[in-house]
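# Fold and geometry: a report
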Amino acid sequence: LLKEGKIPFICGGTNYYIESLLWKVLVDQELPLILQESRKREHGQPTVQGIERLDGFDFEAEDTSVTTEELYRLLQELDPARAAVLHPRERRKVWRSLQVLKQHGRPHSSLVREQGGALGGGLRFPKERICLIEVWSGQGVLDSRCDRRVDTMMERGLVKELLDFHEQYNRQREVDSATELPDYRRGIWQSIGFKEFHPFLVLGPEEREGEEGRELFAKCVDWMKVATRQYARRQVKWMRRFLVAERDPPAYYRVDSSLPGLWREEVYLPAEEILE
């Protein structure tokens, strides 16, 4: 698009992906590193001592037979610098660091250092060609919108969707003769809604209609609203990463969307002026 003289618009809010498009982060370097390290191994050059201990792991699908404590101890032995910055119970991050070590034959910590630290390397494009515009609103306004979002999802049938999926999932488990309980720490079960409504989903139909079921339902709605507000706060916090001085950030602007009735005056026209 740039070569065609057009301005690309990248719209949030999955800020992690916007960040990876604008800045050189580790994910951008994976393929060249894999090729480079595979050549080293072909020529018999040593990598990390003890890396052969990872040969038994299936890194295509996380091995749930190994405890988080065992994985963390292994990371401490193979990459102590990386283990030192992770919490012993951060299973996903520990697993990812072991995966990187296996793929590249080098400690994750050394790759992070080469990429310019935890924030990655520099910008992909000249910063004069980039500008960031945050569509902002006050915290009270944002919290209120998050709550209304949940109420709207309730009105549109979210609970029925959750119940249908939960029942379908359990029927499939019976067909598959699954003996293990579902891992509610992974996958779709971690999405906002499932976690908060799980106590309600496991009730029987009569229990859901009873007084205790109705009280639990109200609590689940409140829990979902809290989780949604917290998620919005994390998104805002992530955007502050764009402004860290060490990253030599591009121009960063803010337009105020607190009053929807003034969208054109307070958001659209100011953004248009910024681009011009």
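So, a few notes on the structure that sits alongside this text. Values in this document were obtained by computation on a predicted structure and should not be read as measured data. (Residues numbered from 1 in each chain as written. Predicted model: local features only at pLDDT ≥ 70, side-chain atom pairs only at ≥ 80, totals over all residues. Heavy atoms only, no water.)

Another point: the overall build of the protein. On a plain count of helices and strands, the protein comes out with 12 helices and two strands. Of the regular secondary structure in the protein, the N- to C-terminal order runs α-α-α-α-α-α-β-α-α-α-α-α-β-α. For the protein, the share of sequence-separated contacts (at least 6 apart) that also reach a separation of at least 24 residues comes to 67%. Accessible area for the protein stands at about 18200 Å²; split by element, carbon and sulfur atoms hold 53% of it. (Helix = DSSP H or I, 4+ residues; strand = E, 2+ residues; numbered from the N terminus. Contact = heavy atoms within 4.5 Å. Areas by Shrake-Rupley, 256 points an atom, 1.4 Å probe, with all protein chains shown as cover.)

Looking now at the side chain of arginine 247. By the element assignment, arginine 247 lies in the loop between helix 11 (211-240) and strand 2 (251-256). Residue arginine 247 is classed as buried on the basis of its relative accessible area, which comes to 6%. A polar atom in the side chain of arginine 247 sits 3.3 Å from the backbone oxygen of arginine 241. (Buried < 20%, exposed > 50% of the residue type's maximum accessible area, 1.4 Å probe, protein only. Polar contact = N/O pair within 3.5 Å; in protein donor to acceptor, adjacent residues only side chain to side chain.)

Moving on to unusual backbone geometry. The residue aspartate 248 is not glycine, and still its phi comes out positive at about 50 degrees. Tracing the backbone through its elements, the reader meets aspartate 248 in the loop between helix 11 and strand 2. Relative accessible area serves as the criterion here: at 43%, aspartate 248 is assigned to the partly exposed category.

With that settled, consider a nonpolar patch on the surface. Together, Val135, Trp263, Tyr268 and Leu269 line one region of the surface with nonpolar side chains, adding up to about 390 Å² of accessible area. Top contributing element to the nonpolar patch by residue count: helix 12 (residues 263-275), with three residues. Structurally, tryptophan 263 can be placed in helix 12. Looking at tryptophan 263, the relative accessible area reads 44%, which means it is partly exposed. (Patch = residues over 30% accessible without salt bridge, like charges linked within 9 Å, V, L, I, M, F, W, Y side chains within 5 Å. Salt bridge = Lys/Arg side-chain N within 4 Å of Asp/Glu carboxyl O.)

Turning next to the packing of aromatic side chains. For the structure on display, the rule yields seven aromatic pairs. Ring geometry for tyrosine 16 and tryptophan 238: centres 5.8 Å apart, planes at 65 degrees, overall edge-to-face. Of this pair, tyrosine 16 sits in helix 1 (residues 15-22) while tryptophan 238 sits in helix 11, placing them 222 residues apart in sequence. Overall, tryptophan 238 belongs to the partly exposed group, its relative accessible area being 28%. Here phenylalanine 197 and phenylalanine 200 contribute two aromatic rings whose centre-to-centre distance is 6.4 Å and whose plane-to-plane angle is 85 degrees, an arrangement assigned as edge-to-face. Here phenylalanine 197 and its partner phenylalanine 200 are both found in helix 9 (residues 194-201), three residues apart, which amounts to about one turn of the helix. Looking at phenylalanine 197, the relative accessible area reads 0%, which means it is buried. (Phe/Tyr/Trp six-rings, centres within 6.5 Å; stacked < 30°, edge-to-face > 60°.)

A word on the pattern of salt bridges. Counted by the stated rule, this structure contains 11 salt bridges. Arginine 241 is the partner of glutamate 19 in a salt bridge, and the nearest nitrogen-oxygen pair spans 3.3 Å. Of this pair, glutamate 19 sits in helix 1 while arginine 241 is found in the loop between helix 11 and strand 2, placing the two residues 222 residues apart along the sequence. The class of glutamate 19 is buried, set by a relative accessible area of 3%. Here lysine 93 makes a salt bridge to glutamate 90, at a shortest N to O gap of 3.4 Å. Glutamate 90 sits in the partly exposed class, given a relative accessible area of 27%.

So, about the nonpolar core. Core analysis: the biggest nonpolar cluster contains 17 residues, and Leu54, Phe57, Leu71, Val94 and Leu98 have the highest contact counts within it. If you list the elements that add at least two residues to this core, you get helix 3 (68-78) and helix 5 (91-104). Here leucine 71 is in contact with Phe57, Val66, Arg91, Val94, Trp95 and Leu98, once residues within four sequence places are set aside. Of all hydrophobic cores here, the second largest spans 16 residues; its members include Trp189, Phe200, Leu203 and Leu216. (Core = buried A, V, L, I, M, F, W, Y, C linked by side-chain atoms within 4.5 Å.)

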